[in-house]
Amino acid sequence: MSFSVLQRELDERKAAGLLRTRRTLETPQSPHIVVDGESYLAFCSNDYLGLAEHPQLTVALQQGAQQWGVGAGAAHLVSGHFAPHHQLEIQLAEFVSKPAALLFSTGYMANLGVVQALVGKDDTVFADKLNHSSLNDAMLLSRAQVKRYRHGDMAQLATQLAQTTSGRKLIITDTVFSMDGDIAPLREMLALCERHDAWMLVDDAHGFGVLGEQGRGSLSHFKLDSPRIIYMATLGKAAGVSGAFVAAEQVVIDTLVNHARSYVYTTASPPALSVALAESLRLIAEGEDRRAHLIKLIAQLRDGLTGLPWSLMPSDTAIQPLLIGENQQALQLSLSLRERGIWVAAIRPPTVPQGTARLRITLSAAHTQADVQRLIEALHELAQ
Ligand SMILES: *Cc1c(COP(=O)(O)O)cnc(C)c1O
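Treat the numbers as computed from the prediction; the structure is a model and nothing was measured.

### Let's talk about the pairing of strand β4 (residues 124-128)
Residues in a regular strand project their side chains so that they alternate between the two faces of the sheet. Counting buried residues in β4 gives five out of five residues, a clear majority hidden from the surface. Residues Thr 124, Phe 126 and Asp 128 point to one face of β4 and Val 125 and Ala 127 to the other, with burial holding for every one of them. Taking the sense of rotation as the criterion, the β-α-β connection linking β4, helix α5 (residues 133-142) and strand β5 (residues 145-149) turns out right-handed. Where β4 lies against strand β6 (residues 169-174), four bridges are found, and the strand directions are parallel. Along β6, the bridge assignment pairs Phe 126 with Ile 171.

### Here's the deal with the domain arrangement of the protein
In terms of domains, the protein is made up of domain 1 (29-49 + 287-383) and domain 2 (55-285). For domain 1 and domain 2, the distance between their C-alpha centres works out to 27 Å. Facing the 21 residues of domain 1 at the interface are 21 residues of domain 2. A buried area of about 1500 Å², summed over both sides, lies between domain 1 and domain 2, and 59% of it is on carbon and sulfur atoms. Three residues, Tyr 48, Arg 291 and Thr 317, lead the burial of domain 1 against domain 2; their summed loss comes to 28% of the area buried on that side. Taken together, the connections running from domain 1 to domain 2 amount to one salt bridge. Note that Asp 180 is salt-bridged to Arg 358, the shortest N-O span being 3.3 Å.

### Description of the sheet that holds strand β1 (residues 32-35)
Taken in spatial order, the three strands line up as β1-β2-β12 in an open sheet, and their pairing is mixed. Each edge of the sheet is formed by a strand with only one pairing partner; in this case those strands are β1 and β12 (342-343). In the sheet, strand β2 (residues 38-42) pairs with β12 via two bridges, with the strands oriented parallel. Paired with Leu 41 across the strands is Ile 342, a residue of β12.

### Notes on the pairing of strand β7 (residues 199-203)
In terms of residue burial, β7 counts as a mostly covered element, since four of its five residues are buried. The sheet contact formed by β6 and β7 spans five bridges and is parallel. Across the sheet, the residue bridging to Ile 172 is Leu 201, located in β7. With respect to chirality, the unit in which β6 leads through helix α7 (residues 186-196) into the neighbouring parallel β7 is right-handed. In this sheet, strand β8 (residues 229-234) lies alongside β7 in parallel orientation, the contact comprising four bridges. Across the sheet, Val 202 pairs through a bridge with Tyr 231, a residue of β8.

### Concerning the packing of helix α4 (residues 107-118) against helix α9 (residues 250-259)
Relative to each other, α4 and α9 sit at 100°, their axes nearing to 9 Å. Considered as vectors, α4 and α9 are oriented roughly perpendicular to each other. Across the interface between the two elements, Gly 113, Val 114, Gln 116, Ala 117 and Leu 118 of α4 pack against Val 252, Thr 255, Leu 256 and His 259 of α9. In terms of residue class, the contact of α4 with α9 is built from five nonpolar, four polar and no charged.

### What to know about the environment of Val 210
By secondary structure assignment, the location of Val 210 is in the loop between β7 and α8 (218-222). Look at Val 210 and you get buried, because its relative accessible area is 17%. Residues Val 210 and Leu 140, spaced 70 residues apart in sequence, show a C-alpha to C-alpha distance of 30 Å. Those residues within four positions of Val 210 in sequence are excluded, and the remaining contacts are Tyr 48, Gly 215, Ala 238, Arg 291 and Leu 294.

### Things to note about the site of the ligand
Around the ligand there are 14 residues in total, and Gly 107, Tyr 108, Asp 203, His 206 and Lys 237 lie nearest to it. The separation between a nitrogen atom of the ligand and a polar side-chain atom of Asp 203 is 2.5 Å. Between the ligand and His 206 there is a distance of 2.5 Å, counted from an oxygen atom to a side-chain nitrogen or oxygen. For the ligand, the accessible surface in isolation is 380 Å², of which the surrounding protein chains cover 81%. For the shell around the ligand, the leading source of residues is α4, giving three residues. Looking at side-chain class alone, the shell around the ligand contains two nonpolar, nine polar and three charged residues.

Parameters and conventions
- Residues numbered from 1 in each chain as written.
- Predicted model: local features only at pLDDT ≥ 70, side-chain atom pairs only at ≥ 80, totals over all residues.
- Heavy atoms only, no water.
- Buried < 20%, exposed > 50% of the residue type's maximum accessible area, 1.4 Å probe, protein only.
- Helix = DSSP H or I, 4+ residues; strand = E, 2+ residues; numbered from the N terminus.
- Right-handed = clockwise from strand over helix to strand, strands pointing away.
- Pairing = 2+ DSSP bridges.
- Domains from an automatic or database assignment.
- Contact = heavy atoms within 4.5 Å.
- Buried area = accessible area lost by both parts, 1.4 Å probe.
- Salt bridge = Lys/Arg side-chain N within 4 Å of Asp/Glu carboxyl O.
- Axes fitted to C-alpha atoms, helices over the stretch in contact; angles between N-to-C directions.
- Parallel < 35°, antiparallel > 145°, perpendicular 65-115°, else oblique.
- Nonpolar A, V, L, I, M, F, W, Y, C, P; charged D, E, K, R; others polar.
- Near = heavy atom within 4 Å.
- Polar contact = N/O pair within 3.5 Å; in protein donor to acceptor, adjacent residues only side chain to side chain.
- Areas by Shrake-Rupley, 256 points an atom, 1.4 Å probe, with all protein chains shown as cover.

Structure, rendered in structure tokens:
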């Protein structure tokens, strides 16, 4: 069998403006990067606090490697669970006010593991239509019944919950929606959980470190505390390193240790990463200045981008998507910015719904007001 069938699929994708390719960074993650030999002002990382190249984290990682070596060498349940992992789990649980926490190698794996461990074919998962792909994949892999509700539509979710009369019920949602930047109505969702005896998994990939008191995340932001909430956050975005964790009741964590396949059947992350992450947690907790600066930049951008032919989607977070609509136009705008030395990613279907291609502008505390002003001016020029 020839591979020409694959080439044809790729060619079709390209013709539709949907072919994805990678660019190679030649400098560390920061607002000022060199990509394929060219310098750019970038607005597309999820390094919201600017910690990815923080010198204290670099030193912590070096010291971690010095003390613990580079590889864990085994899965957590065999001989790969190290003191730094254990210590970090205790600190993370405390930070988000949950009884216990469990580290995963990535957020994608955490979501797969949690959903698959908690529900099965006799159960039902309720999911926002704009959830992150890892949550979508997780619910399919779990073999549970799936009910998807319109984005943020609590009335539809309530109806779906009421119609479900048997099995476990698990609501899964992004807290800050990764391609939209808006925040799920977690308080209303928790009320629905209580009324219908359901659990909820909240994916705080874009809230942890940014929202809430001391960056404790979305539960702190909404002042929510319930054993029904299973909290998940990633450690490669605002935390600037890599990995993810789930925080919940001890019985939930024990269940994950026993049943989450993406936890059990994989090598533990290097313990040195946990040493760096413990330092990152300190920087997050002490990061009020970074968060205040980020909030100022968000206001500056929203203010500066009024009067364009394209509008910013409603968002108060560091994710500020500029809705373009058509794929090729979004791609063209992204290319025109790039010619001006500014890098903003065009996000197209299937990552977002058809007809809603957008420039996903993300801000970081590492940006300056002058950086944001440069983007504002470039977009106004391109709108001419
Ligand atoms: C990035 C992201 C993930 C995946 O986390 P990784 O650690 O990158 O695998 C999961 N959920 C959401 C909402 C995300 O944005």
